[in-house]
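Architecture at a glance
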Amino acid sequence: MIVTEKYKFGLVIALSINLLISACGSTQENESQQVSSEPEVQHHIVKSPNDNREYDSIVLDNELQILLVSDPDIEKSAVALSVAVGSFQEPKEFGGLAHYLEHMLFMGTKSYPEVGGYGEFVTLNGGIQNAYTELDHTNFMVAVNNDAFEQALSRFSGFFYEALLNEEYADKERNAVHSEWSMKSPNDWVILAQVEGKTLNPEHPISQFNWGNLESLADNGDEKLQDALVDFYHRYYSANLMKSAMISHLPIAEMRLLAKRHFSKIPNKHTPKPTINVAAATEKQLKKIVHYVPQADMKQLSLHFVIENNAHEFAVKPNGYVNYLIANEMPGTLASELRDTGLAEAVYSTYEADEYGNSGSFILYIDLTETGVQNRDRVMGAVVKYLSLLREHGVNPLYFNEIKQSLSNDFRFKEKTNDYNYAMQIAANLQHLPTEYVLSSEYEYQRFNAAAIQKVLNQLTIENARIFYIDKAQPADIKMKFFAGKYSVRDITDKNIATWQKYATQFNLRLPRANTLMPENFDLVTSVNMDKPELLVSEKGYTVHLGHSALFKQPKGRISLELNSGITKVSARAHVLASLLSRALNQQLIELQSEAGAAGMGLNTSLHNGLSLTVSGFTDRQGDLLSQTLQQIVSFDISDVDLNNIKGSFVSDIESSKKQILLNQLFPKFSEMVNLDGVSDHALLAQVEGIQPSDLKLFRDQLLKTANLRVFAFGNYTVEQVNTLSELVLAELPAEREVSKVYQTPTLHPSLGSIYSWQEDIDISDVGLIDAYLTSLNPTDLAAARVLSQLIRPALFKQIRTEEQLAYAVGFFGETWRDQILFGFYIQSPVKGLDEVHKRIELFRHNFVKKLAAVTAESFNITKNGILTNLNQPAKNLSQEMGEFIEEWRNQEWAFDSKPKLIEALKKLTLDDVIAFYKDLQEGAKFGRVLIQMRGNNFADKDFIELKGAVKITDVDVFHQRLIQKPLISH
């Protein structure tokens, strides 16, 4: 299909239509004209023209449907299986039962009864496994090396017909579910999901607690948890409620035999597919304002609508169309006006056609500035006016054509993703989509159905809304069971509506204009630099690299332009200036980013070691996008009001970080410690108040004046195109730049045997720690660390989580950290204090010496080969292929040979090498050590870990200043 000239003509018509809209009103189709919402009849599975995989769908005799995907190029095979049962089907007496059962299926089967054996098998064979419980389904997935696929299927399929549900481990796994709830329950999004349910119809299962903890998962009088667990499994885990996806290198015929062999054993109990017959909301729950007091410093206004279930209309996408207009960032739209008036930082929306089973949801989110918090009625005035504008004039074929073109381009050049995630997605989608459309449904836009769009818009009214006011000052008197949040509910009054309508007159809102960045040229350049990126330019203050794909012929690419400068890190004030400038630029560029995103391009800016610009996606219009971006950066300006709002957001984010999930506090603290240009929150906050708009503009000028331009392009570019894009940036830089060496973050290089310890009390319940080790990078030790990670993780998980139930989140990590190897243990526990948890891990480490020595040559070789398979597996997409080079480019390691060196070291690695490496780790003399400890409220009376010889760090800034003067850092 030729689209170029047709689309050029379409843009001219589109612009004319927009003018007509502003002058004359709606151009809707005649609503009496009937347009079908049903998808076109297909007799095959619709796939992207760019997809060379083979597909087939089979239904076994037990009515279990399996989609088979054959891809000869893959090194790992994957399978996922979804069951049409989730939290909605839980009995009220046992909140979280579906989630609890999901956990229990990993505790052994009749054929493979060893607890932890499944995880050990998957890890040993280079794999990954997990599961999740949703409202309406539960999904299980696993991926392993190809040669282990059949055994994985044997183990995996047993979950669904011969699970032990052993009561001994049932009680232990209750603690794992409890730990997961404890870890995630302080998060405001988790709490808000519960508030959402609590403010809907109490007769609908959305109102129930579905996470599960020790209180909800306990015997309830004569009702026994174990009986409920077994009954739930035998009732709902029926083959006719299951959908599966298998992805392998094998031909379809062989996959079909494997599917029958392993999944035909699952019994068909002919269980009817669960349905929801209770309304998610009645008049009693609608036209309400919900006031919520967040745990973090969250400032938001959101409108929640319950809409009719229109999931069957995926081919005409009424929800997607409305979403495109509501969150559109074009000038004059709701998002643009709220941002330009300083009332909002971001406007976005989500929808789920069957969120509540028999009905769906549409939610408009507005992240408020401090000004917006003080003027919520003004914000609501804008919302009311924009929704009215959409209902009256928003149904227009212009937008249909624009969305259709974008989706068509994306599907035409759709890239592969991780097979594990792909199987998971397919297994879930099969539960509610026709098989023929399971791969293409999100890209289908077959016809313009004005009536379907109007029907959705007509439901987005104040009468049908529940409006959430969220900030620390909200009035709230209803406490929540199992969560710390508080909320209250009141009616939306006629006075509220009159106030909003009054403020609506202050806004001159418009529908989005036509997108000017849609790609038209999909020609491919000749690939030359396929082995590794080539250095095209090497001048003082200016380098350019270009790489071409060896695997993918796509009209796409990514170009990163780094204006490297150390001025962003010279002081705490510089850190704050960089962050504020980054936020301000992102606010200024958001309209352009939104337009680019709809056209299949990405635009990202950040300030780290200087200013970074990244343009990605279709390469045709990247020059236009980059040119407009540079113009906005050079002409950057900011008002006092906007700066104050951005300052407020900066301070709010720092304060909110103290309420994050503990693991999301531990790792940033570790980075702050070991990156020697890191600055404490205290030092940052002290600098905010005095910064003026003129300071940001001066800082921008200094950054451009000292910029060392580094360019990395990968994909569909000629040398001339890359040079042209690079020169666009050069032209905006001062002629006489004060260029210094490329700035790289200095990092901690602890002396051998040294220990640095950070201890902190935090305002959440659990405890957490990172026990990390650093040593000089060399391929042999890195190879040993990689193998050790694969061997230690399942054993650690089994002992600390499954057997001792100390934590939901526990693990071992290993990675490169610039010119060092970084590895270590982490844990978040709601059960014991830090010292006690640490002693249990130390005991595990001591005992693991014997386990490591007992590893057989066969197991070692399987583990090592699994890692080699991962390293040698071809990239799935252009971004993944480029990712193998980008970090080396950033670190100026332009030989791009770290991966080949690691592969060679792995090939030579012996079990004795790994044992020696682990013994060195236990002794500690050959490593530096960093221990991060955070102690929650529930354990305030318990001791911190006190290691002999450890240097306690009480002030990160002083620590860094002291080390900067010593030879312990890398520049």
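See above for the structure.
A short tour of the structure in this document, coming up. (Residues numbered from 1 in each chain as written. Predicted model: local features only at pLDDT ≥ 70, side-chain atom pairs only at ≥ 80, totals over all residues. Heavy atoms only, no water.)

1. A short note on the overall build of the protein
As a reminder of what qualifies: To qualify as a helix, a DSSP run of H or I must reach at least 4 residues; to qualify as a strand, a run of E must reach at least 2; elements of each kind are numbered from the N terminus. The size measure is the radius of gyration over C-alpha atoms, and the globule rule it meets is 2.2 Å times the number of residues to the 0.38 power. For the exposure calls, accessible area comes from a 1.4 Å probe over protein chains only, and a residue counts as buried if that area is under 20% of its type's maximum, exposed if over 50%, partly exposed in between. Working rule for contacts: check all heavy atoms of both residues, and any pair within 4.5 Å makes them a contact.
Tallying secondary structure elements over the protein gives 30 helices and 27 strands in all. Its C-alpha radius of gyration of 29 Å places the protein within 12% of the 30 Å reference for a compact globule of 971 residues. Projected onto its principal axes, the C-alpha positions of the protein cover 80 × 75 × 60 Å. Within the protein, buried positions represent 60% of all 971 residues. Taking all contacts inside the protein whose residues are at least 6 apart in sequence as the whole, residues at least 24 apart take part in 83%.

2. A closer look at the packing of helix H18 (residues 622–634) against helix H23 (residues 719–730)
Note the following rule: Note on definitions: angles span 0 to 180 degrees between N-to-C directions of axes, and those axes are lines fitted to C-alpha atoms, for helices only across the stretch in contact. For classification, angles of less than 35 degrees are called roughly parallel, those exceeding 145 degrees roughly antiparallel, those between 65 and 115 degrees roughly perpendicular, and all remaining angles oblique. In this count, Pro and Cys sit with the nonpolar residues alongside Ala, Val, Leu, Ile, Met, Phe, Trp and Tyr, while Asp, Glu, Lys and Arg are called charged and the others, Gly among them, polar.
It is at 10 Å that the axes of H18 and H23 come closest, and there the two elements cross at 10°. Regarding the angle of H18 to H23, the classification is roughly parallel. Side by side, H18 and H23 meet where Gln-622, Gly-623, Leu-626, Ser-627 and Leu-630 of the first sit next to Leu-725, Leu-728 and Val-729 of the second. The residue inventory of the contact of H18 with H23, partitioned by class, reads five nonpolar, three polar and no charged.

3. Structural notes on unusual backbone geometry
Despite not being glycine, Lys-287 has its phi angle at roughly 55°, a positive value. Among the secondary structure elements, Lys-287 is positioned in the loop between helix H8 (252–263) and strand E7 (288–293). Positioned with a positive phi, Gln-805 is a non-glycine residue whose angle comes to about 55°. Looking at where Gln-805 falls in the secondary structure, it is placed in the loop between helix H24 (779–803) and strand E23 (809–817). Here Gln-805 falls in the buried class, since its relative accessible area comes to 5%.

4. Brief notes about the sheet that holds strand E18 (residues 610–618)
Across a sheet, strands are paired by hydrogen bonds formed along the backbone, either parallel or antiparallel in direction. Our working rule: At least two DSSP bridges between two strands are required for those strands to pair.
Strand order across the open sheet formed by six strands is E14-E15-E19-E16-E18-E17, with mixed pairing between neighbours. Every other strand in the sheet has two partners, leaving strand E14 (534–539) and strand E17 (601–608) as the edge strands with one partner each. Pairs of neighbouring strands in the sheet enclose a mean axial angle of 10°, with direction left out of account. Relative to E18, strand E16 (residues 556–564) is paired through nine bridges, and the arrangement is antiparallel.

5. Thoughts on the packing of helix H2 (residues 97–104) against helix H7 (residues 225–236)
Remark: H2 packs on H7, axes separated minimally by 10 Å, with the N-to-C direction vectors making an angle of 80°. Taken together, the axes of H2 and H7 lie roughly perpendicular to each other. Contact residues: H2 offers Leu-97, Ala-98, Tyr-100, Leu-101 and Met-104, while H7 offers Leu-225, Ala-228, Leu-229, Phe-232 and Tyr-233. Of the residues that constitute the contact of H2 with H7, the class distribution is 10 nonpolar, no polar and no charged.

6. Notes on the side chain of Glu-102
Quick reminder of the rule: All tallies of charge rest on Lys and Arg as positive and Asp and Glu as negative; His and the ends of each chain are not included. Whenever a carboxyl oxygen of Asp or Glu lies within 4 Å of a side-chain nitrogen of Lys or Arg, that contact is scored as a salt bridge.
Checked against the element boundaries, Glu-102 lands in helix H2. Here Glu-102 occupies a buried position and makes no salt bridge, while the nearest side chain of opposite charge, Arg-801, is found at 7.0 Å. Residues in contact with Glu-102, not counting those within four places in the same chain, are Ala-131, Tyr-132, Thr-133, Thr-138 and Phe-140.

7. Quick look at the pattern of salt bridges
If you walk through the whole model with that rule in mind, you get 46 salt bridges. Residue Arg-339 pairs with Glu-329 through a salt bridge whose shortest N-O separation is 2.4 Å. Taken together, the residues span a long stretch of sequence, with Arg-339 in helix H10 (residues 334–340) and Glu-329 in the loop between helix H9 (318–326) and H10 at a distance of 10 residues. Judged by relative accessible area, Glu-329 falls into the buried class, the value being 5%. Each of Glu-562, Arg-710, Glu-887 and Arg-890 takes part in a single network of salt bridges with overlapping partners.

8. Some thoughts on the pairing of strand E13 (residues 486–491)
In the case of a regular strand, side chains alternate between the two sheet surfaces. In this sheet, E13 lies alongside E7 in antiparallel orientation, the contact comprising six bridges. Considered in E13, the bridge of Ile-289 is made with Arg-490. Of the pairings in the sheet, the one linking strand E12 (residues 478–479) to E13 comprises two bridges and is antiparallel in character. Residue pairing for E13: Lys-479 is matched across the bridge by Lys-486. Between E12 and E13, which pair antiparallel and follow one another directly, the connecting turn spans six residues, one of which, Phe-482, has a positive phi of 80°.

9. A look at a negative patch on the surface
Spelled out, the test is: In this scheme, patches are assembled from residues that exceed 30% relative accessible area and form no salt bridge. Like charges are connected within 9 Å, while nonpolar side chains (Val, Leu, Ile, Met, Phe, Trp, Tyr) are connected within 5 Å. For every accessible area listed, the method is Shrake-Rupley and the probe measures 1.4 Å; residues are considered covered only by the protein chains on display. Here the site of a charge means NZ on Lys, CZ on Arg, CG on Asp, or CD on Glu.
Side chains of Glu-93, Glu-167, Asp-219, Asp-222, Glu-223 and Asp-227 sit close together on the surface and give a patch of like negative charge. Along the polypeptide, Glu-223 turns up in the loop between helix H6 (188–198) and H7. Taking the relative accessible area as the measure of exposure, Glu-223 reaches 44% and is therefore partly exposed.

10. Description of the nonpolar core
The criterion, for reference: Take the buried Ala, Val, Leu, Ile, Met, Phe, Trp, Tyr and Cys residues and link them wherever side-chain atoms come within 4.5 Å; each set so joined is a nonpolar core.
With 58 residues, the main nonpolar core has Leu-105, Phe-156, Phe-160, Tyr-237, Met-246 and Phe-263 as its most contacted residues. Look past the residues within four positions of Phe-263 in its chain and what remains in contact with it is Leu-60, Asn-62, Leu-64, Ile-66, Val-79, Leu-81, Leu-153, Phe-156, Ser-157, Ser-244 and Met-246. The next biggest cluster of nonpolar side chains, apart from the first, holds 57 residues, and it includes Ile-559, Leu-577, Ala-707 and Ala-713.

11. Quick notes on the sheet that holds strand E24 (residues 820–829)
Taken together, the six strands give an open sheet; going across it, the order is E23-E24-E22-E25-E21-E26, and neighbouring strands pair in mixed fashion. What marks the edges here is a single partner per strand, and that holds for E23 and strand E26 (951–953). When strand polarity is set aside, the average angle formed by the axes of neighbouring strands in this sheet is 15°. Relative to E24, strand E22 (residues 767–776) runs antiparallel, the two being bridged by 10 bridges. The residue of E24 that forms the bridge with Gly-768 is Gln-828. The sheet contacts of helix H20 (residues 663–674) involve strand E21 (755–761), E22, E23, E24, strand E25 (928–935) and E26, and relative to E25 the element is tilted by about 140°.

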